[in-house]
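Fold and geometry: a report
What follows is each chain in one-letter form.
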Amino acid sequence: MASSSSSSSEVPCSVSVAGSMTLGAARVTGSTLVWRPAAAGVQGERVVDLARVTGHQRNKPGSKRASLRLVLAPGPAPGAKPDAFVMQFPNEPDRDALSDAIKAATATGGPSSNTSITKNEKNTLPKTSAAELAARDALLASNPELAAAHGRLVRGSRFAKDDESSLAAVDEDEFWSARVDLFTDAVLKKGATQKTGISNVLDADIKGARSGAGNSQRGGDVVTATLSNEKMHRIFAERPAVRAAFLENVPKNMTEREFWTRFLRSEYFKAARAGAPPQGEQEAADLALFARRPETEKQRAATAKRVSADVNLAADAGDFGVFGSASSVVTELGAVEGEGGRGGHGIFRDGAKEPPPPSSAVAVAAAKEGGGGGKAAAAKHAAMETLRSLNHHASVVLRGRPDAPVTDARSAALAAEAQEANETLTARENDASSGLGKNASNDVSTNGRMPLVSESFVALEDLLEKTAAPAKTLRIDDPSRYFASVAETETRTSEEASDAKRRKKEHFEFGEAVSNAAAAMRFASDKKVSETHSPAVDVAAARFVLDELSSASRRLAAASKSGASWGGSLSNGNLSALDALSDSDQAALGSIGSAASRDAATAAELLRHFWSAAPLTSVARWEKASRVVSALGTLYDRMDSRKKALPNGARHVFAQRCRPLVSAMDGAFSFFDDEKRARKSAYAAYEKRSAAATKDSETEKKSVGGPEAPIEVS
Amino acid sequence: MIFNLEGLTVYFPYEYVYPEQYKYMLELKHGLDAKGHGCLEMPTGTGKTITCLALITSYQLAHPECGKLIYCTRTVPEMEKVLAELRVLQAYREKHVGKASEIMALGLSSRKNMCIHPRVADEGSRESVDARCRRLTASWVREKHMDCVSREEETSTELCQFFEDYEKEGPDAVLPPGVYTLADLREFGRKKGWCPYFLARHMIGVANVVVYNYQYLLDPKVSSLVSRELEKECVVVFDEAHNIDNVCIEALSVNLRQQTLDAAGRNITSLSGKIERAKQTDARRLREEYARLVDGLAQQGVLRRGGGEDALQNPVIPDDILREAVPGNIRRAEHFVAFLRRFVEYLKTRMRATQVEQETPAAFLAHLQRSAAIDGKTLKFCYDRLTSLLKTLEIVDTEEYNAVSLVADFGTLVGTYQAGFSLILEPYDERYPNIPDPVFQLCCLDASLAVRPVFEKFQSVFITSGTLSPIELYPRLLSFNPVCISSLPMTLTRECLCPVVITRGADQQAVSTKFDMRDDPGVIQNYGRILIDLAATVPDGLVAFFVSYSYMEQIVSKWHETGVLQQVMQHKLVFIETQDVVETSLALDNYRRACNCGRGAVFLSVARGKVAEGIDFDRHYGRAVIMYGVPYQYTLSRVLRARLEYLRETFQIKEADFLVFDA
């Protein structure tokens, strides 16, 4: 029997050491079971962490040898198997004593601990992160109502008031787990801007696997390639030409399968030919279909514009012979077709400068002819393509994952396209908002060394907090003006700010909507609509709407008499009940109103915690449930006394209003009592524990925060 | 900090000044006091720009008689950086001296970078922007438009509203003092509705500091347009001037290719067509032109009517332009066109040569006289005559006539200069000997020709850079007499550079970019290994320089095939400089983004290339640098050999000296 708080008494037993049963003694100490061999000088002391115990087996009473087998959870090492620890006892009472001690320790996480959850259960709970803790604190600081609720409900809360400590029945974590939605946003915000990048790896594996000879029935040599949505997206992002070909031809000219087959085949042949010209018309057609399309002059200019000013070499390239004449500006079209072909000022073939590469046309022509020079030109052309694709690959990697979900080839293509367009757009915005010069002027500090642009810090972009859109304070004294101003700001922020006409229209739209709605209510039968184009709503119409609303709500309230609860405020829902009361009764009801609604909220929360503990199968659950039930009992009594203090008429109203809550509480109480009968063993274990705990706490001169004996309420 | 430098109060916007910066200022001040030229070297990263700006603007403040500072940079990004520094300086001065010290500083670039006209600015290349602009702003276009408007007719012509509004303001269109980058100018232009390009060109006259490209001073084609009216007292600074000799040479060189000549032929045909039409409809204009040419007024500014039609100017240094009447045989438009056609035909026959030919201008002219009966004197006027013709015919699409004006430039330069030039005809590129691609190159061999007017005109010209060694060579190459010449060392407070020379790869094989070794697969593999290992250990950005584009392309393709790049990509993204500037700029931008976001990146670039010369890889953008080989010039280049020969004969500069200097 576990009698002392720290460790049980020693129980003689034997354990297998190096294959032979060795006599020794075991005892439970804290959360561990320690076995020591009896004979001095014998090695093999065993320490079992009780938190690891998952199974607990005694052999049948009356067996030849009383033994106990503990199944231990696998250790942290990967692939570890569940472990077992077998002890043999000289007699059954010894075995049972140790078994009980172990059970008690595993059930409560050690006799000395007061925690409500066993070690095992606790370990499975997610650890509270620092960000979450900070978010909790921030929430409590900013929300006094929440802080008050925290004070009432949470044991040991720093917001607790003396008079309400009896209600504190839940733990910090339990309290917050009921309010996860409040702070997940705050916690998530910390890492919200963090984007998952994509890997640097160059080619998605699209070459496919070649089966080799293959069997002749299946068409001989087969190359099998697998495409996933991600791969498709990657292909579309890295090769805009393939994307364009897809969007143009699928499903109009070919099926998706056909498209991918052609693409993969073309890729395979391209790799296999290693620079040699394609063989056959179809191969050439495929190659042409998927070949990179040269950028237009406009696209190039747009690209040049979005590059930040201090690296923009294109800004004055070709203006003069800065780095050579205009002729050394290589354009997409190559040297011959482009402007470079026309010669110019400056020195064309300089030793220091590289001559512009031969154009693709020349390279292809030369490759056809063969010969050393032609090959060199073709190789040069191929190398340029490689370099270009490498650069493009890197920029695709920097773009990262698409925002839109990619579910099939088309969405992959569209996502890739959107990303590309988005890049151009954001780059342009950056250019517009932070010119090089402007940065500098902002950075000028008041004294000492002023940071230059190049010296200012570079913040990691995904660590920057996004600035929220400026909130508009709600002013209800003149709603029409408020909405008008909101509409105005919206239009102003939108791209076409200059479009004053549109703004005016939006402005009217709201007014129109309201007056139309009012008119529709008013003249339900005839279609005539009064044309009120003033921003303010027609007074008569507004009055009509208000009357209609209040009468409707009154009707609703009457229909569901007991529907109202203290959870809500004393608003129009209860108008009918209040209307029937005398003034003094109303005053009496009003005086206890806020306290009563607070109690109701507390009770609702406690009930939630109570039901979260059901079914009461373990000591920990019993412990929590009884804690909550006791707090509920206190509340119940308080509500009862409050009801009794009220004058007759008000008492009736109060009782009516409390009815749902009271019945819910009654339900909880009766469930609690039923469980006591239904799960006797668990309850007994709990009682034993709580008795020990109360004894402990008494010996320790009433430690704070110990669980109280359950109060029977029925 | 504010300190006294030999009696001059210097406003320096930082708390500390490095010893070498102090010495640099001292040298500069001596140069300014002596009203002479200077040549100053100070390593990169020591704050050359701000030192120079701080001293000269302080000098301007103390000596109002000192003219404006003309700060020449090589690229627009550099210009933007200078203006950013200047803004810091300006803020500091304003704080300590007050409004009185306000400076007016602005950058100037081509229309392409300054235009705010919604449609014109969208044009891609400089030529097309210029052409569209001229079409909207040329004086005759505007006159025609005004005519139509005054007669209240529908006009088919269109004008640029920004230019019109600016013109309407006339001399009242001024910028308030301050520092204006190109973006600021555009912004200001948009706000006021004025054309920023013409506003900036107008404001050059009153600005204290002008930051623009070398070419606006060195290239006679644009300098006579933009920088003609600058006063003698100006202080000129050429920043990053270690390549200034090349810029000078480029400014006076012309190359012709087969396509140029073909296009020129077409231009001439279309010109003669236009002349025929003009004869029938408006013969008066042609007669007037003839009369002007007889009087020799063409070059004397009579033609300059204001407006935005200004095309490139005479390619010859202004002092060398003959102030004479155009010779009689090309005064009539149809004669001139026939003359041009003959010249182009002659050039075409020369282009058919299969051997490399090299000759002096004198020999060329003699041969020309013999076979095409064109004399050098007439050739000299080629350019002016063509400009006059284009203006008379009211042609705004000068872009279309690029080819023929290039031929005219060629003719004028050949006709004007006898010494210091060389003509080289290469029928094919040596790298691709089987592809016929003839180039007729008129190359200037003497860098001092283009820069001489600058040294003569302005009282103080400073040449400064991070590397000007051997510094004695510059005055000789550019033929000027510096009053101060100094090479300042860098003060390092700690060991922050760790150079390592790698001669052997991981497998103990020797590595080199020697021509006979560079293609060895072992060498390529070892170079790749170096890159992979460094990429694995070095944080953020890593830059690698190769000796040439072709070598880089070759080695990168090999790396791509053998999977070296895949391995590098496990650690960092790879960006590569290409010969396409737009793409290179985009790659650079992305490279910076990759470094900024912590992914890390490798930039493969070419030594002496655009990126190596123009872009800073500071801080995390360049934690390590790999140089694959030492980038000497390609010594077999005919242009280079001609130049070396010329240098040896004229300036007694040894070839080896020059090559080392260049590298």
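Residues numbered from 1 in each chain as written. Chains lettered and ligands numbered in written order. Predicted model: local features only at pLDDT ≥ 70, side-chain atom pairs only at ≥ 80, totals over all residues. Heavy atoms only, no water.

Counting its secondary structure elements, chain A contains 24 helices and ten strands. Counting every position in chain A, which comprises 714 residues, the buried fraction comes to 36%. Taking the contacts inside chain A whose residues are at least 6 apart along the sequence as the reference set, 54% of them involve residues at least 24 apart. Accessible surface, chain A: about 39500 Å² in total, of which carbon and sulfur atoms supply 55%. (Helix = DSSP H or I, 4+ residues; strand = E, 2+ residues; numbered from the N terminus. Buried < 20%, exposed > 50% of the residue type's maximum accessible area, 1.4 Å probe, protein only. Contact = heavy atoms within 4.5 Å. Areas by Shrake-Rupley, 256 points an atom, 1.4 Å probe, with all protein chains shown as cover.)

Take the overall build of chain B next. Regarding its fold elements, chain B presents 28 helices and 18 strands. For chain B, with 663 residues in total, the buried portion stands at 61%. A sequence separation of at least 24 residues applies to 76% of the contacts in chain B between residues at least 6 apart. Of the roughly 25900 Å² of accessible surface on chain B, a fraction of 51% belongs to carbon and sulfur atoms.

Right, let's get into the sheet that holds strand β10 (residues 357-359) of chain B. In space, the five strands of this open sheet follow the order β10(A)-β9(B)-β12(B)-β11(B)-β10(B), with antiparallel pairing throughout. Every interior strand has two partners, whereas the edge strands, β10 (344-345) of chain A together with β10 of chain B, have only one. The pairing of strand β11 (residues 421-428) of chain B with strand β12 (residues 436-444) of chain B spans seven bridges and is classified as antiparallel. Residue pairing for β12 of chain B: I424 of chain B is matched across the bridge by Q441 of chain B. Across the sheet, helix α15 (residues 333-351) of chain B lies against β9 (254-257), β10, β11 and β12 of chain B, angled at about 115° from β12 of chain B, the strand it touches most. (Pairing = 2+ DSSP bridges. Axes fitted to C-alpha atoms, helices over the stretch in contact; angles between N-to-C directions.)

Turning to the pairing of strand β6 (residues 66-72) of chain A, a few remarks are in order. Residue and element names in this part refer to chain A. Counted residue by residue, β6 has six buried out of seven residues, so it is predominantly covered. In the sheet, strand β5 (residues 53-58) pairs with β6 via five bridges, with the strands oriented antiparallel. For V53, the partnering residue across the bridge sits in β6 and is L72. Direction of pairing for β6 relative to strand β7 (residues 83-89): antiparallel, over a ladder of seven bridges. Counterpart to R69 in the pairing with β7 is V86.

Below, the discussion takes up the side chain of E583 of chain B. Following the sequence through the fold, E583 of chain B ends up in helix α25 (residues 581-596). With a relative accessible area of 13%, E583 of chain B lands in the buried category. Apart from the residues within four sequence positions on either side, E583 of chain B is in contact with L387, R388 and N391 of chain A together with T578 of chain B.

Evaluation of the coordinates by the stated rule reveals 46 salt bridges over all chains. Among the ionic pairs, E605 of chain A bridges to R608 of chain A, the shortest N-O distance being 3.7 Å. With E605 of chain A and R608 of chain A both in helix α21 (residues 583-613), this residue pair falls three residues apart, about one helical turn. Between R87 of chain B and D184 of chain B there is a salt bridge, and its shortest N-O distance comes to 2.6 Å. Within this pair, whereas R87 of chain B is found in helix α3 (residues 76-96), its partner D184 of chain B is found in helix α8 (residues 182-192), the two being separated by 97 residues in sequence. Like D184 of chain B, R87 of chain B is buried. (Salt bridge = Lys/Arg side-chain N within 4 Å of Asp/Glu carboxyl O.)

On a regular strand, one side chain projects to one face of the sheet and the next to the other, so that they alternate. Residues and elements named next belong to chain A. Note that strand β2 (residues 20-29) and strand β3 (residues 32-37) share six bridges and pair antiparallel. What sits directly across from R27, in β3, is V34. Counting the residues between successive antiparallel strands, the hairpin from β2 to β3 contains two residues, one of them, G30, with a positive phi of roughly 60°. Strand direction decides the pairing type here: β3 and strand β4 (residues 46-49), joined by four bridges, are antiparallel. Across the sheet, residue L33 finds its bridge partner in β4, namely V48.

This part covers the sheet that holds strand β16 (residues 573-576) of chain B. Residues and elements named next belong to chain B. An order of β16-β17-β15-β18 is seen for the four strands of this open sheet, with the pairing classed as parallel. The outermost strands of the open sheet, each flanked by one partner alone, are β16 and β18 (624-628). Neighbour-to-neighbour, the strand axes of the sheet open up by a mean angle of 20°, direction not taken into account. Docked against the sheet, helix α22 (residues 521-537) engages β15 (541-546), β17 (601-606) and β18, running at close to 180° with respect to β18. Where helix α23 (residues 549-562) meets the sheet, its contacts fall on β15, β16, β17 and β18, and the angle it forms with β17 comes to roughly 140°.

This paragraph deals with the packing of aromatic side chains. To describe a pair of aromatic rings, you give the distance between the ring centres and the angle between the ring planes. A complete count under the given rule lists 44 aromatic pairs over all chains for this structure. Ring geometry for F163 of chain B versus F198 of chain B: centroids 4.8 Å apart, planes at 65°, classification edge-to-face. Here F198 of chain B lies in helix α9 (residues 196-203) and F163 of chain B lies in helix α7 (residues 161-169), a separation of 35 residues in the sequence. We classify F198 of chain B as buried; its relative accessible area is 8%. Through a chain of ring-to-ring contacts, the aromatic side chains of F610, W611, W622, F671, F672, Y683 and Y686 of chain A assemble into a single cluster. When the ring centre of Y621 of chain B is taken as origin, the NZ or CZ atom of R592 of chain B, which lies over that ring, is 4.5 Å away. (Phe/Tyr/Trp six-rings, centres within 6.5 Å; stacked < 30°, edge-to-face > 60°. Lys NZ or Arg CZ within 6 Å of the ring centre and 35° of its normal.)

As a further point, take the side chain of K48 of chain B. Structurally, K48 of chain B can be placed in helix α2 (residues 48-62). Although K48 of chain B lies buried, it forms no salt bridge, and the closest oppositely charged side chain, E240 of chain B, sits 4.3 Å away as judged by the N-O distance. (Lys, Arg positive; Asp, Glu negative; His and termini not counted.)

Another aspect to go through is the nonpolar core. In this structure, Y212, F238, F364 and F410 of chain B are the most contacted members of the largest nonpolar core, which totals 177 residues. Per element, the largest residue contribution to this core is ten residues, and it comes from α15 of chain B. The contacts of Y212 of chain B, once residues within four sequence positions are left out, are I70, Y71, C72, T73, M79, L108, I204, L217, V226, S227 and L230 of chain B. Judged by nonpolar contacts, the second largest core, of 45 residues, contains A613, A625, V653 and Y686 of chain A. (Core = buried A, V, L, I, M, F, W, Y, C linked by side-chain atoms within 4.5 Å.)

Quick look at the confidence of the model for chain B now. Any residue range with low pLDDT should be treated as having predicted coordinates unsuitable for detailed reading. All names here are of chain B. Residues at a pLDDT of 70 or more form 94% of chain B, whose mean pLDDT is 84. Note that residues 298-307 has pLDDT below 50 and, in this model, 22 contacts with residues that lie over four places away or in other chains. Confidence metrics for the complex model read pTM 0.63 and ipTM 0.77. (pLDDT = per-residue confidence, 0-100.)

Turning our attention to the environment of Y180 of chain B. Residues and elements named next belong to chain B. Counting through the fold element by element, Y180 comes out in strand β6 (residues 178-180). Taking relative accessible area as the criterion, Y180 reaches 10% and is therefore assigned buried. Once the C-alpha coordinates of Y180 and A200 are considered, the two residues, 20 residues apart in sequence, prove to be 9.5 Å apart. At a separation of 2.6 Å, a polar atom in the side chain of Y180 contacts the main-chain carbonyl oxygen of P176. (Polar contact = N/O pair within 3.5 Å; in protein donor to acceptor, adjacent residues only side chain to side chain.)

The next thing to look at is the packing of helix α13 (residues 258-281) of chain B against α15 of chain B. What describes two packed helices is the angle between their axes and the distance between those same axes. Residues and elements named next belong to chain B. Relative to each other, α13 and α15 sit at 165°, their axes nearing to 10 Å. The pairing of α13 with α15 is recorded here as roughly antiparallel in orientation. When the axes of α13 and α15 are compared, the crossing they make is left-handed. On α15, the residues that touch Q258, L261, D262, A264, G265, I268, T269, L271, S272, I275 and K279 of α13 are A333, E334, V337, L340, R341, V344, L347, K348 and M351. Looking at side-chain class alone, the contact of α13 with α15 contains eleven nonpolar, four polar and five charged residues. (Parallel < 35°, antiparallel > 145°, perpendicular 65-115°, else oblique. Left-handed = near helix turned anticlockwise from the far one by under 90°. Nonpolar A, V, L, I, M, F, W, Y, C, P; charged D, E, K, R; others polar.)

Our next topic: the environment of S371 of chain B. Residue and element names in this part refer to chain B. Tracing the sequence through the fold places S371 in helix α16 (residues 361-372). Residue S371 is classed as partly exposed on the basis of its relative accessible area, which comes to 48%. Residues S371 and Y346, 25 residues apart in the sequence, show an inter-C-alpha distance of 7.9 Å. For S371, the side chain forms a polar contact with the main-chain oxygen of H367, separated by 2.7 Å.

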